[in-house]
Amino acid sequence: MAELRTYLLAWVNELLQLNYTKVEQCGTGAAYCQILDSIYGDVPMSRVKMNARHNYEYVANFKILQTAFTNKKIDKPILVDKLAKCKMQDNLEFLQWMKRFWDQNYGGQGYDAVARRRGAPTDTPATIAPLSGPRSGSAGLGVGAGRSGGKTPISGHRATSTQPNEAILNLQAQLRDMSTHMEGLEKERDFYFAKLRDIEILAQQQVEVLEKDGQQDETLKEIQKILYSTEDGFEVPENAVPADEEETF
């Protein structure tokens, strides 16, 4: 498997002029979009976020890939939920399929990957690891580890030794509930962001068409104004990444 990973990474890096070090980095969806573009040359690479760092950006990239698959009548399911988690095995299998599809359909034409993505930065983090959920049970916390081989106290307080265990189990249950709730909120956020992203793309495309004809649509301008507006305290500096953001990949 290690040889396969090395081979596929070398192929992707050479074809797309990237510097990926892990197959997991393909989980952003950007590389998959451009592999398909190298075959057909009509994937809208200007809309692909090559240096995606957030889950909603991954989802947007995969939506572009899914649209391209549909347009080309490619009958291959794209398991976005799995791929976007940036797990090695899921992305290795999909990348292997993409390589096989490329071998069967690439026409041998020259392909300038950097020009096609208009020189967009591709610095996808090499450290991509989703947060692991809380583990049940007390073994990982070392509860009771110091009791092995020890003598039972004669103070008559043995019953109290279960209290810390019960407290820990209760905390772990709360953590699991919070983790589940947070996951649901993140999915809901990504769902509505994807819808807004689709509206943004449609509005931008229509604006560009009208501008070519020397026209403009005030309604579209107002829609874009709403989409791009910010509130005090919510401005995000360009290229800024929160200190703990890397762990969320």
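Residues numbered from 1 in each chain as written. Predicted model: local features only at pLDDT ≥ 70, side-chain atom pairs only at ≥ 80, totals over all residues. Heavy atoms only, no water.

Caption draft 1: Layout of the side chain of Asp 37. By secondary structure assignment, the location of Asp 37 is in helix α2 (residues 30-40). Taking the relative accessible area as the measure of exposure, Asp 37 reaches 0% and is therefore buried. Here the side chain of Asp 37 touches Arg 116 through a polar contact of 2.7 Å, side chain to side chain. When neighbours within four sequence positions are excluded, Asp 37 is seen to be in contact with Asp 42, Val 43, Met 45, Tyr 111 and Arg 116. (Helix = DSSP H or I, 4+ residues; strand = E, 2+ residues; numbered from the N terminus. Buried < 20%, exposed > 50% of the residue type's maximum accessible area, 1.4 Å probe, protein only. Polar contact = N/O pair within 3.5 Å; in protein donor to acceptor, adjacent residues only side chain to side chain. Contact = heavy atoms within 4.5 Å.)

Caption draft 2: Focus on unusual backbone geometry. If you check the backbone angles, Cys 86 has positive phi at about 60 degrees while not being a glycine. Although it is not a glycine, Arg 118 adopts a positive phi angle of roughly 55 degrees. As for its position among the elements, Arg 118 is in the loop between α6 (113-116) and α7 (162-212).

Caption draft 3: Quick look at the pattern of salt bridges. Overall, the coordinates contain seven salt bridges when judged by the stated rule. With a shortest N-O distance of 2.6 Å, Lys 72 and Asp 42 are connected by a salt bridge. Of this pair, Lys 72 sits in the loop between α3 (55-71) and α4 (80-83) while Asp 42 sits in the loop between α2 and α3, and the two are 30 residues apart along the sequence. Residue Lys 72 is classed as partly exposed on the basis of its relative accessible area of 30%. You can call Asp 42 partly exposed: its relative accessible area is 44%. (Salt bridge = Lys/Arg side-chain N within 4 Å of Asp/Glu carboxyl O.)

Caption draft 4: Molecular detail of the confidence of the model for the chain. When pLDDT is averaged along the chain, the result is 80, and 76% of the positions lie at 70 or above. Between the elements of the chain, mean pLDDT differs from a low of 82, seen in α7, to a high of 97, seen in α2. Segment residues 129-161 is flagged for pLDDT under 50; beyond a separation of four residues in sequence, or across chains, it makes 24 contacts in the model. Contacts of residues 240-249 to residues separated by more than four positions or lying in other chains number 20 contacts, the stretch itself having pLDDT below 50. (pLDDT = per-residue confidence, 0-100.)

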